[in-house]
Amino acid sequence: MADAPTRKKLTLLPLIFLIYFEVSGGPYGEEPTVQAAGPLIAILGFIIFPFVWSIPEALITAELSTMYPGNGGFVIWADQAFGRFFGSLMGSWKFLSGVINLAAMPSLCIQYLMRLFPVLSSGLPNHLLKIVFTLVFAFLNYTGLVIVGYVAVVLGVVSLAPFLVMSAIAIPKIRPSRWISLGQKGVKKDWNLFFNTLFWNLNYWDSVSTMAGEVDNPHKTFPLALLLAVILMGLGYIIPLGAVTGSIVVDQSEWEVGFMANAAKMISGQWLKLWIEIGAVLASIGLFEAQLSSSSYQLEGMAELAFLPSFFSLRSKWFNTPWVAILTSTSISLGVSYLSMTSLLSTANFLYSLGMILEFAAFLYLRWKLPRKIRPFRVPLRLPMLTILCLIPVGFLMFLIVIATKIVFLMSGVMTAAGILWYFLMNFLRSEEWLRFEKVSGSGEEEGGVNEPVAM
């Protein structure tokens with residue numbers, strides 16, 4: 001595309017907030033940890049879990065994204081480590097997980113809007129708003145990743161602000177003794193809910209890797225952005241959680257998703273509750289934009305690696321964005337959004353867990369296989385310590401897999417089988433030349449793994 005505009009690159013600040021929305025989006029959704037295990041365990045969870053999960057995942061993302069700074073991210077890593085089959089399987093697991101989460105964002109936004117406008121709770125208004133939300137904000141994504149990045153900055157600041165105000169107002173009311181409560185007597189701990197809520201709120205650090213090719217000076221920008229995003233995310237969870245659990249006492253069952261807005265009313269009044277509910281709507285927009293960007297650029301990267309037909313890498317003449325990939329991700333997520341989300345979200349966590357186990361294995365294997373390959377950012381540990389660093393989160397992933405329900409096992413198995421069949425279908429279409437693919441010379445470092453671009 002000779003007439004395509006020059007590709008603009010993401011700089012540090014918008015990248016920080018894109019990562020922030022890939023992972024968190026604010027304290028919205030952390031409430032069930034208190035319902036499941038009480039204030040003390042919830043607070044400890046958001047203090048300890050980032051060290052055993054978020055930081056290792058962020059460190060690995062920083063090293064591998066600067067080692068292979070191209071769109072596709074984790075697909076490239078699995079391909080380079082274990083070959084094309086595992087690269088394709090990684091792509092299937094992560095893409096399906098991503099679009100399921102993407103599909104949940106319009107519903108999440110509408111749930112908060114229903115508090116302000118009850119007419120949206122069901123029927124035609126609910127369906128129309130879901131479609132309008134998806135299409136309008138998919139178009140925003142189409143206008144360019146740099147624009148999306150700066151929109152994420154604004155959304156992040158505005159959606160976090162009411163929590164900072166609430167936490168400041170709550171200071172005189174805080175009683176530290178409330179933080180050490182293990183919950184109400186007679187209320188059984190729900191560890192499945194507790195760990196799945198923590199996982200959902202603190203994962204997806206590697207999602208931004210699929211956009212590595214869109215980042216300005218990724219060798220320096222990526223590690224710094226990930227570090228600052230970890231700090232922003234941690235403070236964004238701990239400060240409001242500490243303020244609310246320390247300043248008010250309510251029945252433990254009330255700590256459902258959205259309770260923070262009710263807590264704001266108890267602490268300061270209706271005006272703050274309204275502000276937090278508006279912030280929740282804005283945060284869901286940021287989550288949608290970040291996830292759609294990740295999924296779309298993953299498809300583009302997979303097309304560049306010849307896992308998908310070349311047309312998935314076609315870019316808009318006006319905005320130089322991967323419009324086919326954006327359209328595909330949007331269409332699938334819109335269809336999924338009309339299905340029951342309860343089991344689907346658990347299935348997304350399951351598929352993501354499988355992908356992360358493969359990702360940790362690829363990281364360790366590439367360290368062992370290519371110890372001298374240039375790594376602009378390198379996790380400052382030797383292989384034995386890196387193995388321990390990875391085994392701790394892998395153990396947690398295995399725990400999440402074991403406690404999954406039968407329906408989640410079934411749905412994940414079906415989606416995994418579909419991903420395997422998709423790999424062989426793409427190989428068949430490429431060998432028969434029924435569709436146009438990029439020319440790939442091989443996988444893995446020894447074979448080069450280099451694609452020869454096909455002119456579009």
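Residues numbered from 1 in each chain as written. Predicted model: local features only at pLDDT ≥ 70, side-chain atom pairs only at ≥ 80, totals over all residues. Heavy atoms only, no water.

### What about the packing of helix α9 (residues 218–247) against helix α10 (residues 259–267)?
Heads up, the condition is: Only the contacting stretch of a helix is used when fitting its axis, a line to C-alpha atoms as for every element, and angles between N-to-C directions run 0 to 180 degrees. Helix and strand definitions here come from DSSP, where helices need a minimum of 4 consecutive H or I residues and strands a minimum of 2 consecutive E residues; each element is numbered from the N-terminal end. For classification purposes, angles smaller than 35 degrees are called roughly parallel, those larger than 145 roughly antiparallel, those between 65 and 115 roughly perpendicular, and all remaining angles oblique. Handedness of a crossing is defined here by the sense of rotation of the near helix relative to the far one, left-handed for an anticlockwise turn of less than a right angle and right-handed for a clockwise turn. Any pair of residues with heavy atoms lying within 4.5 Å of one another is described as a contacting pair.
Direction vectors running N to C along α9 and α10 enclose 55°, while the axes themselves pass 11 Å from each other. Judged by the inter-axis angle, α9 sits oblique to α10. Of the two possible hands of crossing, α9 and α10 adopt the one that is left-handed. Where α9 abuts α10, its residues P240, L241, V244 and S247 lie against F259, M260, A263 and I267.

### Points about empty space enclosed by the protein
What counts here: A 1.4 Å probe that fits into a set of points on a 1 Å grid over the protein atoms alone but cannot get out defines a cavity; an open set with protein on both sides within 12 Å along at least five of seven lines defines a pocket, and lining residues are those with an atom within 4 Å of a point. Grid points are joined across faces, edges and corners, and a volume is the space filled by probe spheres set on the points.
Inspection of every chain in the model, using the stated rule, returns two cavities of 30 Å³ or more. Along its surface, the largest cavity is lined by F21, E22, V23, S24, N101, M105, W200, N203, Y204, L287 and Q291. Of all the secondary structure elements, the ones that give two or more residues to the lining of the largest cavity are α1 (12–23), α5 (84–116) and α11 (270–304). Looking at which element gives the most residues to the lining of the largest cavity, the answer is α1, with three residues. When its volume is computed, the second largest cavity comes out at roughly 60 Å³. Around the second largest cavity, the lining residues are F74, K94, G98, Y204, S207, Q291, S294, S295, Q298 and Y352.

### So, the environment of V158
How we decide: Per-residue accessibility, obtained with a 1.4 Å probe over protein chains only, is compared with the maximum for each type, and a residue is labelled buried under 20%, exposed over 50%, and partly exposed between these values.
Inspection of the secondary structure assignment puts V158 in helix α7 (residues 145–170). Judged by its relative accessible area of 34%, V158 falls in the partly exposed class. Along the chain, V158 and L344 lie 186 residues apart, while their C-alpha atoms are 30 Å from each other. Once residues within four sequence positions are removed from consideration, V158 is found in contact with W275 and L282.

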